[in-house]
Amino acid sequence: MCDCKDHVHGSDAGDRGPEFSLFQHIAIDQVRALNERVVGSVRNVFRPWEDRLDRTRFMDSNEDDPELLVHIPFTGVVKLKSIVVIGGEDGTAPSKMRVFTNRDDIDFSTVNDVVPVQAWDIHEDTRGAIEYTTRAAKFINVSSLSIHFPSNFGADSSRIYYIGLKGDFQPLKREAVMAVYESKPQPADHKTSSAEMSRSIQ
């Protein structure tokens, strides 16, 4: 029997697309992965929900090393509610997921020494039917995610077709600072009464 305390089984109907729209707010040119076989292929796995089953776009780890570490910066701040991972077949799907927030400095030399915000044992899921729900209070004001996939289901390398992120987005606030510059003093703006002048002289 499935222990669903940290994930939910959802319908894979197409109308879930609006729920997984955070991909639109990823700074995709800045997304990177450590140990990906083809540099930049990590960007293939972030796309609209309705394209999640596209098997022509994916990311592989290097041969004989299934570990992957994915860094995902956003264009604003998000409140992350859940994650969907569609992995490969034949044991190449990730079996564990560890997530960190606002820690772009993590790499393979430090990732195992840092306590993740949340971790999951994940299941082989070829359709995106399983959502891994977050402890929402720990995933607010998130400007970047780092997702560590340390292992898979026994294959020599790992494959990921799709990562879906569900949550709320808030653009970064930019406060405009307004200043008024006086190019030429205007006499009318600097009137001084004779009484005031007299007091200043005394």
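Quick caveat: nothing in here was measured; it's all calculated off a predicted structure.

Lay out the overall build of the protein chain with the relevant residues and their values.
Secondary structure summary: the protein chain contains 1 helix and 9 strands in total. Counted from the first residue to the last, the protein chain has its helices and strands arranged as β-β-β-β-β-β-β-β-β-α. Taking all 202 residues of the protein chain together, 41% fall into the buried category. Looking at the protein chain alone, contacts between residues at least 24 apart form 81% of all its contacts between residues at least 6 apart. Put simply, the protein chain shows about 11,500 Å² of open surface, and 50% of that area lies on carbon and sulfur atoms.

Pulling in residues and values, what's your account of the confidence of the model for the protein chain?
The pLDDT averaged across the protein chain works out to 86; a share of 77% of its residues lies at or above 70. Note on residues 176–182: pLDDT is under 50 here. Beyond four places in sequence and across chains, it has 2 contacts. Note on residues 190–202: pLDDT under 50 across the span, and 3 contacts to partners over four residues away in sequence or across chains.

So what about the pattern of salt bridges? Which residues, and what values?
Applying the stated criterion across every chain yields a total of 9 salt bridges. Between R57 and D54 there is a salt bridge, with the nearest N and O atoms lying 3.0 Å from each other. The class for R57 is partly exposed, based on a relative accessible area of 29%. A salt bridge links K81 to D168; its shortest N-O distance comes to 3.3 Å. Of this pair, K81 sits in strand β4 (residues 68–87) while D168 sits in strand β9 (residues 159–171); the two residues are 87 residues apart in sequence, bridging distant segments of the chain. Residue class for K81 comes out partly exposed when judged on its relative accessible area of 34%. Residue classification places D168 among the partly exposed positions, given a relative accessible area of 38%. Sharing partners across several salt bridges, the network here consists of R37, D60, E63 and R159.

Please provide a residue-by-residue account of the environment of L34, values included.
Note that L34 resides in strand β2 (residues 32–34). A C-alpha to C-alpha distance of 8.5 Å links L34 and H71, two positions 37 residues apart in sequence. Setting aside residues up to four positions removed in sequence, L34 forms contacts with E67, L68, L69, D107 and F108.

Which residues make up the side chain of S82, and what values go with them?
Looking at the secondary structure, you find S82 in strand β4. Of the residues examined, S82 reaches a relative accessible area of 1% and is grouped as buried. A distance of 3.0 Å separates the side chain of S82 from the side chain of E131, its partner in a polar contact.

Requested: an account of the side chain of H148, with residues and values cited.
Inspection of the secondary structure puts H148 in strand β8 (residues 142–149). A polar contact is formed between the side chain of H148 and the side chain of E67, at a distance of 2.6 Å. H148 has contacts with E67, L68, L69, K96, M97, R98, F100, F108, V111 and N112, leaving out every residue within four places of it along the chain.

Could you give an account of the packing of aromatic side chains, with specific residues and numbers?
Scanning all chains against the criterion turns up 3 aromatic pairs. Consider the rings of F20 and W49, whose centres lie 5.1 Å apart with planes at 15°: the pair is stacked. One end of the pair, F20, is in the loop between β1 (7–9) and β2; the other, W49, is in the loop between β2 and β3 (59–60), and 29 residues separate them in sequence. Taken together, a centroid distance of 5.8 Å and an interplanar angle of 75° make the contact between F58 and Y161 edge-to-face. With F58 in the loop between β2 and β3 and Y161 in strand β9, this residue pair connects regions lying 103 residues apart in the sequence. Given a relative accessible area of 24%, F58 falls into the partly exposed group. By relative accessible area, Y161 is classed as buried at 4%. Taken together through their ring pairs, the aromatic side chains of F20, W49 and Y162 make up a single cluster.

Calculation criteria
- Residues numbered from 1 in each chain as written.
- Predicted model: local features only at pLDDT ≥ 70, side-chain atom pairs only at ≥ 80, totals over all residues.
- Heavy atoms only, no water.
- Helix = DSSP H or I, 4+ residues; strand = E, 2+ residues; numbered from the N terminus.
- Buried < 20%, exposed > 50% of the residue type's maximum accessible area, 1.4 Å probe, protein only.
- Contact = heavy atoms within 4.5 Å.
- Areas by Shrake-Rupley, 256 points an atom, 1.4 Å probe, with all protein chains shown as cover.
- pLDDT = per-residue confidence, 0-100.
- Salt bridge = Lys/Arg side-chain N within 4 Å of Asp/Glu carboxyl O.
- Polar contact = N/O pair within 3.5 Å; in protein donor to acceptor, adjacent residues only side chain to side chain.
- Phe/Tyr/Trp six-rings, centres within 6.5 Å; stacked < 30°, edge-to-face > 60°.

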